[in-house]
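Spelled out, the chains give:
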Amino acid sequence: MVYEQFPNILPTLPKEITFVHSEELLQKYPNLSPKERENAFTKEHKAAFIMGIGGILSNGTKHDERAPDYDDWTTPNDDGFFGLNGDLFVWNEVLGCSFEISSMGIRVDKNALLKQLEICGCQDRKDLYFHNKLLKGELPLSIGGGIGQSRLCMFLLRKGHIGEIQASIWPEDMRQTCREHGMNLI
């Protein structure tokens, strides 16, 4: 619909999203930082779902930080890797980098919560309301995530700053910098 309304905006998304685990990215691009790996892979494939974000990789680092009490990044998956979560990225031509549209996954269950709280040294959180209810089995297991609506609009409308599609209060120096780059904040 966007492409019909705005003929000067051409489609750039592939027909399919490429799925990859953060450990596979490390193996493919061992000399790049996590952000550089995201950029290289997403630029090549145009849309990528990167799984297992938050857990320790084979080089002893994390692809990116994740809260211990939200998505499950420690449970083994069917591919032999760890983590039942991931982020959806698209290649953003305007910004020249990968662009996260959504973070989603299977939420922690009792076992994953206990393990991830221990890994992060946050065992004191077990007494918090949500954590306590989950540990007692009083909450349903869930899958979650959301699309960043403003980010999606930025991508589809080929905008370089969130202020071009979302009304807000911006300092004059930010407005001036954006004008210098051809952007007009709302």
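Reading the values: rules and limits
Residues numbered from 1 in each chain as written. Predicted model: local features only at pLDDT ≥ 70, side-chain atom pairs only at ≥ 80, totals over all residues. Heavy atoms only, no water. Pairing = 2+ DSSP bridges. Helix = DSSP H or I, 4+ residues; strand = E, 2+ residues; numbered from the N terminus. Axes fitted to C-alpha atoms, helices over the stretch in contact; angles between N-to-C directions. Contact = heavy atoms within 4.5 Å. Polar contact = N/O pair within 3.5 Å; in protein donor to acceptor, adjacent residues only side chain to side chain. Phe/Tyr/Trp six-rings, centres within 6.5 Å; stacked < 30°, edge-to-face > 60°. Buried < 20%, exposed > 50% of the residue type's maximum accessible area, 1.4 Å probe, protein only. Lys NZ or Arg CZ within 6 Å of the ring centre and 35° of its normal. Salt bridge = Lys/Arg side-chain N within 4 Å of Asp/Glu carboxyl O. Disulfide = S-S within 2.5 Å. Core = buried A, V, L, I, M, F, W, Y, C linked by side-chain atoms within 4.5 Å.

Trainee: How would you explain the sheet that holds strand S3 (residues 85-92) if you had to name every residue and give the values?
Mentor: Taken in spatial order, the five strands of this open sheet run S1-S2-S3-S4-S5, and their pairing is mixed. Only two strands of the sheet have a single neighbouring strand rather than two, namely strand S1 (18-21) and strand S5 (143-147). Put simply, the sheet's adjacent strands are angled 25° from each other on average, direction ignored. Looking at chain direction, S3 and strand S4 (residues 97-106) are connected through eight bridges and run antiparallel. Pairing of Gly-86 across the sheet is with Met-104, part of S4. On the sheet, helix H3 (residues 34-45) packs against S1, strand S2 (47-51), S3 and S4 and is oriented at approximately 60° with respect to S3. Across the sheet, helix H6 (residues 149-156) lies against S3, S4 and S5, angled at about 145° from S4, the strand it touches most.

Trainee: Lay out the side chain of Ser-150 with the relevant residues and their values.
Mentor: Locating Ser-150 in the fold gives a position in helix H6. Within the local environment of Ser-150, its side chain forms a polar contact with the side chain of Gln-166, the two groups lying 2.6 Å apart. Apart from the residues lying within four places of it in its own chain, the contact partners of Ser-150 are Ile-162, Ile-165 and Gln-166.

Trainee: Tell me what's going on with the packing of aromatic side chains, and back it up with residues and numbers.
Mentor: Enumeration according to the criterion identifies one aromatic pair in this entry. Aromatic side chains Phe-19 and Phe-49 sit 5.3 Å apart centroid to centroid with 50° between the ring planes, which places their arrangement in the tilted category. With a gap of 30 residues between them, Phe-19 in strand S1 and Phe-49 in strand S2 connect regions that are remote in the sequence. Assessed through its relative accessible area of 52%, Phe-19 is described here as exposed. Phe-49 gets classed as buried once you look at its relative accessible area, which sits at 11%. Geometry around Trp-73 places Lys-62 over its ring, the cationic atom sitting 5.7 Å from the centre.

Trainee: Describe the pattern of salt bridges, with residues and values.
Mentor: Enumeration over the complete set of coordinates arrives at 10 salt bridges. Its salt-bridge partner being Lys-62, residue Glu-65 comes within 3.4 Å of it at the nearest N-O pair. Here Glu-172 makes a salt bridge to Arg-179, at a shortest N to O gap of 2.4 Å. Taken together, the salt bridges that share partners define one network made up of Asp-64, Arg-66 and Asp-87.

Trainee: Can you lay out the state of the cysteines for me, pointing to particular residues and giving the numbers?
Mentor: Tallied over the entire structure, the rule returns zero disulfides. Between Cys-153, a cysteine without a disulfide, and Cys-178, which holds the nearest cysteine sulfur, the sulfur-to-sulfur distance is 17 Å. For Cys-153, a relative accessible area of 36% gives the class partly exposed.

Trainee: Provide a residue-level description of the nonpolar core, including the pertinent values.
Mentor: Within the largest apolar cluster, eight residues are counted, these being Val-20, Leu-25, Tyr-29, Phe-41, Ala-48, Ile-50, Ile-53 and Phe-89. Every residue in contact with Ile-50, bar those within four places of it in the chain, is listed here: Val-20, Ser-22, Leu-25, Glu-38, His-63, Asn-85, Gly-86, Asp-87 and Phe-89. Residues Val-108, Leu-113, Leu-117 and Leu-134 belong to the second largest nonpolar core, which totals seven residues.

Any functional reading would require information beyond the geometric quantities listed.
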